[in-house]
Amino acid sequence: MLKITIPASEYYDKRTKEFFTYDEVTLELEHSLVSLAAWESKWCVPYHGKQDKTTEETLDYIRCMTLTSDVDPSVYQRLTKKNIEDIVAYIQSPMSATAPPKNKAGSGSGGRAIYAERVYSWMFSLNIPMECQYWHLNRLLALIRVCNDENTPPTKRSKKDIASEYARLNAERRKKLNTKG
């Protein structure tokens, strides 16, 4: 979970010629499968798609990430550059020490877009408990890759690979024992 503080500020409305004062606000945010599904249900496009997000889409995703209740919608317009940088860093953080190989067969999405329903299907097929939908999304995706890797049988080696491995081992043993074989 990420906590960000939006500082107090003052705003002058030229139309009404009045000053408005906004109090400091602290938001609790969570980049999770739940927030991803909420955003995708509104925008009907994959969040992790190829297109860049508009400012409106980005602010709406931050709203979907918000755990704090009863937040005035104008708060999202007052996010500072530092707030946005912190949120982006949080979203991009792996939140795990696990770094499974991304190019191993069967460990990724095969170049397909990652969207909420696909992640839920991976969770169901791998028997990952539903409470994991509240985890940081990158941590959940790491768990899915690890489970998938653990369930994928090792690839068969060719006879040529096996023969060359045996030849290398025999050569090492002959050298170590000073024999000709």
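This text goes with the structure placed above it.
Okay, so let's go over this structure. (Residues numbered from 1 in each chain as written. Predicted model: local features only at pLDDT ≥ 70, side-chain atom pairs only at ≥ 80, totals over all residues. Heavy atoms only, no water.)

Attention shifts here to the overall build of the protein chain. When helices and strands are counted, the protein chain shows six helices and four strands. In terms of overall dimensions, the protein chain is more spread out than a globule: its C-alpha atoms have a radius of gyration of 25 Å, far above the 16 Å expected for 181 residues. The principal-axis extents of the C-alpha atoms in the protein chain amount to approximately 95 × 35 × 30 Å. In the protein chain, once contacts between residues fewer than 6 apart in sequence are set aside, the share between residues at least 24 apart is 60%. When the accessible surface of the protein chain is summed, it comes to about 12,700 Å², and 53% of that surface belongs to carbon and sulfur atoms. Of note, the protein chain has its 27 positive side-chain charges centred 18 Å away from the centre of its 23 negative side-chain charges. (Helix = DSSP H or I, 4+ residues; strand = E, 2+ residues; numbered from the N terminus. Rg over C-alpha atoms; globule rule 2.2 N^0.38 Å. Contact = heavy atoms within 4.5 Å. Areas by Shrake-Rupley, 256 points an atom, 1.4 Å probe, with all protein chains shown as cover. Lys, Arg positive; Asp, Glu negative; His and termini not counted. Charge placed at Lys NZ, Arg CZ, Asp CG, Glu CD.)

Moving on, we come to the packing of helix H2 (residues 55-65) against helix H3 (residues 81-92). It is the contact of H2 with H3, at a shortest axis distance of 12 Å, that shows an interaxial angle of 70°. Here H2 is positioned roughly perpendicular relative to H3, judged by the angle of their axes. Handedness of the crossing formed by H2 with H3: left-handed. Listed contacts from H3 to Tyr61, Ile62 and Met65 of H2 are Ile84, Ile87, Tyr90 and Ile91. (Axes fitted to C-alpha atoms, helices over the stretch in contact; angles between N-to-C directions. Parallel < 35°, antiparallel > 145°, perpendicular 65-115°, else oblique. Left-handed = near helix turned anticlockwise from the far one by under 90°.)

Under the defined criterion, the tally for this structure stands at seven aromatic pairs. Ring geometry for Tyr12 and Phe19: centres 4.8 Å apart, planes at 50°, overall tilted. For Phe19, a relative accessible area of 57% gives the class exposed. By the ring-pair criterion, three or more aromatic residues cluster together here, those being Trp39, Trp43, Tyr47 and Tyr61. (Phe/Tyr/Trp six-rings, centres within 6.5 Å; stacked < 30°, edge-to-face > 60°. Buried < 20%, exposed > 50% of the residue type's maximum accessible area, 1.4 Å probe, protein only.)

In this structure, Asp13 sits in strand S2 (residues 9-13). Within the structure, Asp13 has its side chain in polar contact with the backbone nitrogen of Arg15 (distance 3.0 Å). Each residue touching Asp13, except ones within four places of it in the same chain, is listed here: Glu18 and Phe20. (Polar contact = N/O pair within 3.5 Å; in protein donor to acceptor, adjacent residues only side chain to side chain.)

Let's shift gears to the pattern of salt bridges. Applying the stated rule across the entire model yields seven salt bridges. The salt bridge partner of Arg15 is Asp13, with a shortest N-O separation of 3.7 Å. Lys42 is paired through a salt bridge with Asp60; the nearest N and O atoms lie 3.4 Å apart. With a gap of 18 residues between them, Lys42 in helix H1 (residues 33-43) and Asp60 in helix H2 connect regions that are remote in the sequence. For Lys42, a relative accessible area of 47% translates into the label partly exposed. One network of salt bridges, in which partners are shared, links Lys42, Asp60 and Arg63. (Salt bridge = Lys/Arg side-chain N within 4 Å of Asp/Glu carboxyl O.)

Turning our attention to the pairing of strand S3 (residues 18-22). Pairing geometry for S2 and S3, over five bridges, is antiparallel. Of the residues in S3, the one forming a bridge with Glu10 is Thr21. Between S2 and the antiparallel strand that follows it, S3, lie four residues; Lys17 among them carries a positive phi value of about 55°. (Pairing = 2+ DSSP bridges.)

These values are about where atoms sit, not about what they do.
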